[in-house]
Amino acid sequence: MALWLRIVFFFSGAAALVYQIVWQRALFALYGLDITSVTMVVTAFMLGLGAGSALGGAISRAHPGAALPVFGAAEIGIGIFGYLSLGLFDSVARITGVIGHLATGLVAFLLLLLPTTLMGASLPLLVGYAVSRSKNVGRSVGTLYFVNTLGASAGAYASVRTLLPALGLSGTVAASACLNVVLGVAVVVGTRLGDVRRRCE
């Protein structure tokens, strides 16, 4: 598996955990912090990841050649949503006001559905691409999962120890958004250049 792909997925995982921490803090500040609210927000996040995983798997099976550019587009989409997310959360909170726990869970799920679906789709999309090249499912899944988890751990550590104290919520999420867009553009452009090079050979 190409080194650049591992690097991209490492930083993708790092950005995802930064978002999770920032979005959880933002939603807790808007809707309250207790065990039920925490459970609802985390559940909403995980549901979106699961839905995205199913979607990404379906796309990679039906259109294996499109897996990499779709992954790049998903990264750009995550970055755009991330940049707008805190303002969106605040606007929705002004409309919904004080609501019950079940309603909080529903609102959190709807707010997080798009970005978490895109995040969840990333692993099966890259697995589909890697398997089409290496023909080794176990190695592809294991390597990508390891790299992404390592990146997620680094992102969680960096967000708590460095990014949030230095940049605050808005600065941290903006930095992650920029990272996602850069990764996405690099993947899309790199894929296009690779296709052009293959046609010329």
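Scroll up a little and you will see the structure.
Residues numbered from 1 in each chain as written. Predicted model: local features only at pLDDT ≥ 70, side-chain atom pairs only at ≥ 80, totals over all residues. Heavy atoms only, no water.

J.: Got a minute to help me understand the packing of aromatic side chains in this structure?
T.: A ring pair, where both rings are aromatic, is described by two values, the distance of the centres and the angle of the planes. Summed over all chains, the structure comprises six aromatic pairs. With a centroid separation of 6.5 Å and an interplanar angle of 50°, the aromatic rings of Trp-23 and Phe-45 are classed as tilted. Note that Trp-23 is positioned in helix α1 (residues 3-31) and Phe-45 in helix α2 (residues 35-62), a separation of 22 residues in sequence. Using a relative accessible area of 3% as the deciding quantity, one classes Phe-45 as buried. For the pair Trp-23 and Phe-89, a centre-to-centre distance of 6.2 Å together with 75° between the ring planes defines the contact as edge-to-face. Here the residue Trp-23 occupies a position in helix α1, and Phe-89 occupies one in helix α3 (residues 67-96), the gap between them amounting to 66 residues. By the burial criterion, Trp-23 is buried, and Phe-89 matches it. In this structure an aromatic cluster arises from ring pairing among Tyr-19, Trp-23, Phe-45, Phe-81 and Phe-89. (Phe/Tyr/Trp six-rings, centres within 6.5 Å; stacked < 30°, edge-to-face > 60°. Helix = DSSP H or I, 4+ residues; strand = E, 2+ residues; numbered from the N terminus. Buried < 20%, exposed > 50% of the residue type's maximum accessible area, 1.4 Å probe, protein only.)

J.: Help me understand a nonpolar patch on the surface, please; the structure alone is not making it clear to me.
T.: On the surface, Ile-80, Tyr-83, Leu-84, Val-181, Val-185, Val-189 and Leu-193 cluster together into a nonpolar patch covering about 650 Å² of accessible area. Of all elements in the fold, only α3 and α5 (137-200) reach the threshold of two or more residues within the nonpolar patch. In terms of residue count, the dominant contributor to the nonpolar patch is α5 (four residues). Counting through the fold element by element, Leu-84 comes out in helix α3. (Patch = residues over 30% accessible without salt bridge, like charges linked within 9 Å, V, L, I, M, F, W, Y side chains within 5 Å. Areas by Shrake-Rupley, 256 points an atom, 1.4 Å probe, with all protein chains shown as cover. Salt bridge = Lys/Arg side-chain N within 4 Å of Asp/Glu carboxyl O.)

J.: Honestly, the nonpolar core in this entry has me stumped. Any pointers?
T.: Membership of the largest hydrophobic core comes to 28 residues, with the highest contact counts inside it found for Tyr-19, Val-22, Trp-23, Leu-27, Leu-86, Phe-89 and Met-119. Counting only elements with at least two residues in this core, the list comes to α1, α2, α3, α4 (101-134) and α5. For this core, the leading source of residues is α1, giving eleven residues. When neighbours within four sequence positions are excluded, Leu-27 is seen to be in contact with Gly-32, Val-41, Phe-89, Ala-108, Leu-111 and Leu-112. Counting 16 residues, the second-largest nonpolar core is a separate cluster that includes Val-8, Ala-121, Leu-144 and Leu-183. (Core = buried A, V, L, I, M, F, W, Y, C linked by side-chain atoms within 4.5 Å. Contact = heavy atoms within 4.5 Å.)

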